[in-house]
Amino acid sequence: MSSSEDDVPLARANGRANATPKMKSPATNGDLDPGVSVRFGPVQDADVDMKDVDAARGASKRKSRTSIDRKKSYVEPESSEEEDKPLSKRRRTSVKHEDPETDEDVPLALNGRKLPKASETAIGEESDSDVPIEKKLTAQKKKIEQKATKDARAARKAPAKKESKPAAATKKQTNGTESVTPKKGKAKVKAESEDADEKEEEEDEYKWWEDPTKGDGTNKWTTLEHNGVVFPPPYEPLPKNVKLKYNGVPVTLHPEAEEVAGFFGGMLNSTHNVENPVFQKNFFTDFKDILKQTGGAKDAQGNKVDIKEFIKCDFKPIFEFYDAQREEKRNLPPAEKKKIKAEKDEQEAAYQFCTWDGRKQKVGNFRVEPPSLFRGRGEHPKTGRVKTRVLPEQITINIGKEATENINGNYKYVMLAANSDVKGQSDYKKFEKARELKKYIDKIRKDYQKALKHDMMVERQKATAVYLIDQFALRAGNEKGEDEAETVGCCSLKYENISLKPPNTVIFDFLGKDSIRFYDEVQVDPQVFKNLKIFKKAPKKNGDEIFDRLTTSALNKHLQNYMQGLTAKVFRTYNASFTMSNLLKEMKATGTIPEKVKAYNDANRRVAILCNHKRTVTAGHANQMEKMGERIKGLRYQKWRLKQQMLDLEPTLKKKKGAAFFERDEDLTVEWVKEHQAFLLEEQTQKIQKKFEKDNEKRVADGEKEMKTSELNERLEVVKDLEKKYAKENKSGKVEAEGRGPTVEKIEAAIVKLDQRIETMSVQAQDKEDNKEVALGTSKINYIDPRLTVVFSKKFNVPIEKFFSRRYARSSSGPSSLWKRTGSSNHSIPS
DNA sequence: CTTAAGACTTAGCATGCGGTAG
DNA sequence: CTACCGCATGCTAAGTCTTAAG
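Values in this document were obtained by computation on a predicted structure and should not be read as measured data. (Residues numbered from 1 in each chain as written. Chains lettered and ligands numbered in written order. Predicted model: local features only at pLDDT ≥ 70, side-chain atom pairs only at ≥ 80, totals over all residues. Heavy atoms only, no water.)

## Some words on the overall build of chain A
So, point 1. Helix and strand content of chain A: 22 helices and 17 strands.
So, point 2. By residue count, 46% of the 831 residues in chain A fall in the buried class.
So, point 3. Long-range pairs, those at least 24 residues apart, make up 76% of the contacts in chain A with a sequence separation of at least 6.
So, point 4. Accessible surface for chain A amounts to roughly 43,700 Å². Of this, 51% is attributable to carbon and sulfur atoms. (Helix = DSSP H or I, 4+ residues; strand = E, 2+ residues; numbered from the N terminus. Buried < 20%, exposed > 50% of the residue type's maximum accessible area, 1.4 Å probe, protein only. Contact = heavy atoms within 4.5 Å. Areas by Shrake-Rupley, 256 points an atom, 1.4 Å probe, with all protein chains shown as cover.)

Have a look at this one:
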């Protein structure tokens, strides 16, 4: 870790005022900003602590919208009917429930620690669904929708009984007057000092969901204490003998330039970046820049070496050095590793937690991002550029203006960890919002169904977009800037992203967030099909937007009419949780714990597929599949051998069972069989040899004499025999019955067992293949209401730890122990 | 209305560790 | 016991959405 000198805590780095105007970035090209601001999170304060204004900034944030100026005019809109009026008012009366069944469902918080009944789940908690689990999610859609409609009606009908919000913002505390008061090396941000005495006695019993001040989300804290951030260690120059080579000549660089060369050299194993021409180009541009600023490169004699061609740069020496270093670290004895880790933990302990309204809370990211090369994903135009080092004077406490990172001009934030109270609160709100959508979903669907035929182009586009977002879980699709990768979401779908196949098949093919490909062939409502055809009509062409009259803000504004706070993303949460809820509800509580976990994961996977969450296929995947395939084939070969043994015992069986029964599977060719036999023999040999060696070692240890090679050879006789046996089998095409007292019955039983093994393994292989590019984590963490998982865990008696790691155990507190680790003794707030 | 800035959530990748199959 | 695999964790990029200003 860094020396203490470099670990300038936030508060010390800049308690407040020694605001250094700005730093020049050694590696900028003019259009980029130097400087980064790390803000200590949730911002709610307007005080400007320090400024770091760079006039050059701003140029990069331009967004573009290819507007298509066709003025397609449709007939005047029919005035919207009564029911189309904002629902927000009506909402107030319909929020409440009476249905006893949903009783617990609602303000879980108000019930203290009580959990919903196992049969109830947070979303769609009503009667058992009759939606069958189908292969394809789309196939269920109709039924699911019908059910949703039913649910929504029921929800609306139910008269009021309880407030559905856990914490109405009845008492609002003001805290608009914060100021920053550095104190004893700590950043202490305080608002109302008189509040200080009011803080909870029992930290770990704090139930934020019952706190009336936590409702409206404007004031998140009144007091905040933290120790700022940790800076990365300073650059450590390479040893003298490790140098970048240019045109074969080792060159000496100024440490700053060397560091940048090191960024590239250190990642030579990441071919995916290093071989990307854009990455190379951007890196090299920035690298040359820094060379220029630092006096360039020199050879051993001190002569200048002009570095101008990327291909002449050889980073391998640098790579080898860093790789060896990594290797060394990896090979450290475990005890040593532990010690190092403990030391680091101790050094950083002070930064791990902050005090938030008097309660100890985990900080999410207190380490300042080290300098490196920007790894933009997909075809990001800036990928490979140098991210400059962040200096203490660029850090802003909580608030501040005009200082951003140098690549995209963004702020970086320090926020609390996912398991902190604040994060728990917003998480909770998010899922509550999704559940609220449940009450309006049928209306929304009915409306867009109708509006699909609207006379106004805008309205049609709006309806069609909502349809797509609702049905296929598309993201909203905001506009993107020129200097970002070209990815799209619903509203920004381009002409070429959608193909239409009559009568009503739509093929989506586009790059979404993180440049992850979204490809799906789906059936749509006939009217949607017609609309998309209209939206694609000439003169629209490749590159033009399908929803050219629609923006995400217009769409979201429309959604707000139904429900306060309703936006496009809520549909993803809603549909994900709703799907999960239905799947879990139908699950049978049988089998072992691993089997139940598997069943849960299968449901999880369906949601992940819905949301198009992917991962890159692991490097070894193809190999692993190959291996599994071989093993399955091997089993089938053994099965064939068993059958032959039956014939050996009872030749008449051939007639009885039919010749086909005894034939070898076609893919088990003669050559394959020979190879496989060789493999088996080799395997056997290895095993015996290893055993022999080990036995000898043991003998030596025991002070006995080693066995001779003759002993080994004797042991290897088995293999020889086996080899002979195979040879004989190959020649005769027959297999002699094996084992003690073989009977046809015994062999039949063995075949049954083998069949089971083959079956299990085939399923496993299929599973692995189907799962190779599906990422379960994202949907589990961000989309599936955790209460569903808790209910499942209780109902099926599977420990919750099987589903949530410490990292995501939603804070130590939460409504009905759901954002809390149930029954835990609150270990997650260390003291 | 459009645009930009700002705050915060959602996202996949790298890495290392611990469990386990062989 | 070792090699391998899957997963937790750390990291930071890339979205969404709100707000404010012109």
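## Structural notes on the confidence of the model for chain A
So, point 1. Averaged over chain A, the pLDDT score is 73; the fraction of residues at 70 or greater is 70%.
So, point 2. Element-level pLDDT for chain A is lowest in helix α2 (residues 88–94), with a mean of 25, against a maximum mean of 98 in strand β16 (residues 505–511).
So, point 3. Low pLDDT, under 50, characterises residues 1–37; the stretch is placed with 135 contacts to residues that sit more than four places away or in other chains.
So, point 4. Contacts of residues 43–139 to residues separated by more than four positions or lying in other chains number 261 contacts, the stretch itself having pLDDT below 50. (pLDDT = per-residue confidence, 0-100.)

## A look at the sheet that holds strand β9 (residues 313–314)
So, point 1. Taken together, three strands build an open sheet; the order of strands is β6-β5-β9 and the sheet is antiparallel. Only two strands of the sheet have a single neighbouring strand rather than two, namely β6 (249–251) and β9.
So, point 2. In terms of strand pairing, strand β5 (residues 244–246) meets β9 through two bridges, oriented antiparallel. Note that in β9 the partner of K245 across the bridge is D314. (Pairing = 2+ DSSP bridges.)

## Comments concerning the protein's contact with DNA strand C
So, point 1. By nearness alone, 29 residues border DNA strand C, and R377, K412, K480, K569 and K768 come closest of all.
So, point 2. In this structure, a phosphate oxygen belonging to DNA strand C sits 3.0 Å away from a side-chain N or O atom of K387.
So, point 3. Sorting the residues of the surface near DNA strand C by element identifies α12 (552–560) and α13 (568–585) as the ones contributing at least two each.
So, point 4. For the surface near DNA strand C, the class distribution of residues is four nonpolar, eleven polar and 14 charged. (Near = heavy atom within 4 Å. Polar contact = N/O pair within 3.5 Å; in protein donor to acceptor, adjacent residues only side chain to side chain. Nonpolar A, V, L, I, M, F, W, Y, C, P; charged D, E, K, R; others polar.)

## Description of the side chain of N282
So, point 1. Position of N282 relative to the elements: it lies in helix α6 (residues 277–293).
So, point 2. Residue contacts for N282: discarding those within four places in its chain leaves P381, K382, T383, G384 and R385.

## Regarding the UniProt feature "coiled-coil region" (unreviewed entry) in chain A
So, point 1. When the UniProt feature table is mapped onto this chain, "coiled-coil region" (unreviewed entry) is found at residues 744–771.
So, point 2. With 100% helix and 0% strand, residues 744–771 has end C-alpha atoms that lie 40 Å from one another. (UniProt positions renumbered as here; feature names shortened; annotations may be inferred.)

## Here we look at the UniProt feature "active site" (unreviewed entry) in chain A
So, point 1. Look at the UniProt record and you will see "active site" (unreviewed entry) annotated at Y783.
So, point 2. Its location among the elements puts Y783 in the loop between α21 (777–782) and α22 (786–795).
So, point 3. Among all residues touching Y783, those that are not within four sequence positions of it are F431, R572, T573, A576, S577, C611, H613 and T778.
So, point 4. Here R572 takes part through its side chain, which lies 3.0 Å from a polar atom of the side chain of Y783.

## Section: the nonpolar core
So, point 1. Counting 47 residues, the largest nonpolar core has L468, L474, L493, F508 and F547 as the members making the most contacts within it.
So, point 2. Elements with a contribution of two residues or more to this core: α9 (421–451), α10 (457–472), β16, β17 (517–523), α11 (526–535), α12 and α13.
So, point 3. It is α10 that provides the largest number of residues to this core, a total of eight residues. (Core = buried A, V, L, I, M, F, W, Y, C linked by side-chain atoms within 4.5 Å.)

## Notes on the packing of helix α15 (residues 621–649) against helix α17 (residues 670–701)
So, point 1. For the pair α15 and α17, interaxial distance at closest approach is 11 Å and the crossing angle is 100°. For the element pair α15 / α17, the angle class is roughly perpendicular. Contact with α15, carried on its side by E630, K633, G634, Y637 and Q638, involves W672, V673, H676, Q677 and L680 of α17 and no other residues of that element.
So, point 2. Grouping the constituent residues of the contact of α15 with α17 by class yields four nonpolar, four polar and two charged. (Axes fitted to C-alpha atoms, helices over the stretch in contact; angles between N-to-C directions. Parallel < 35°, antiparallel > 145°, perpendicular 65-115°, else oblique.)

## Side note on unusual backbone geometry
So, point 1. A cis amide bond links P502 with the next residue in sequence, P503, at an omega value of 5°.
So, point 2. Here the amide bond leading from A538 into P539 is cis, since omega sits at 10°, within 30 degrees of zero.
So, point 3. With respect to the secondary-structure elements, P539 resides in the loop between α11 and α12.
So, point 4. A positive phi angle, close to 60°, is found at S515, a residue other than glycine.
So, point 5. Tracing the chain through its elements places S515 in the loop between β16 and β17.

## Some thoughts on a negative patch on the surface
So, point 1. Taken together, the side chains of E379, E482, E486 and E496 present a region of like negative charge at the surface.
So, point 2. Tracing the sequence through the fold places E486 in the loop between α10 and β15 (498–501).
So, point 3. You can call E486 exposed: its relative accessible area is 69%. (Patch = residues over 30% accessible without salt bridge, like charges linked within 9 Å, V, L, I, M, F, W, Y side chains within 5 Å. Salt bridge = Lys/Arg side-chain N within 4 Å of Asp/Glu carboxyl O. Lys, Arg positive; Asp, Glu negative; His and termini not counted. Charge placed at Lys NZ, Arg CZ, Asp CG, Glu CD.)

## Topic: the layout of surface pockets
So, point 1. Reported here for the second largest pocket is a volume of approximately 1,700 Å³.
So, point 2. Residue lining of the second largest pocket: 39 residues in total, with P233, E236, Y322, Q325 and K329 positioned closest to the centre.
So, point 3. Broken down by secondary-structure element, the contributors of at least two residues to the lining of the second largest pocket are α4 (255–266), α7 (316–330), α8 (334–352) and β12 (372–373).
So, point 4. In terms of residues, the lining of the second largest pocket owes the most to one element, α8, which gives seven residues.
So, point 5. Here the residues of the lining of the second largest pocket sort into 20 nonpolar, six polar and 13 charged. (1 Å grid on protein atoms, 1.4 Å probe; cavity = no way out; pocket = protein on both sides within 12 Å on 5 of 7 lines; lining within 4 Å. Points joined across faces, edges and corners; volume = space filled by probe spheres on them.)

## A word on the sheet that holds β16
So, point 1. In space, the three strands of this open sheet follow the order β15-β16-β17, with antiparallel pairing throughout. Of all the strands in the sheet, just β15 and β17 have a single pairing partner and so form its edges. The mean inter-strand angle of the sheet, taken between neighbouring strand axes irrespective of direction, is 10°.
So, point 2. Inspection of the sheet shows β16 paired to β17 by seven bridges, in the antiparallel sense. Within the sheet, the bridge partner assigned to D509 lies in β17 and is Y519.
So, point 3. Each of β15 and β16 is contacted by α11, which is oriented at about 125° to β15, the strand it contacts most.

## What about the pairing of β16?
So, point 1. Extensive coverage of β16 is indicated by the burial of five of its seven residues.
So, point 2. With four bridges joining them, β15 and β16 adopt antiparallel strand pairing. Opposite L500, over in β16, you have V506 as the bridge partner.
So, point 3. Hairpin connection of β15 to β16: three residues between the antiparallel strands.
So, point 4. Hairpin connection between β16 and β17: a loop of five residues separates the two successive antiparallel strands, and D514 in this loop has a positive phi of roughly 65°.

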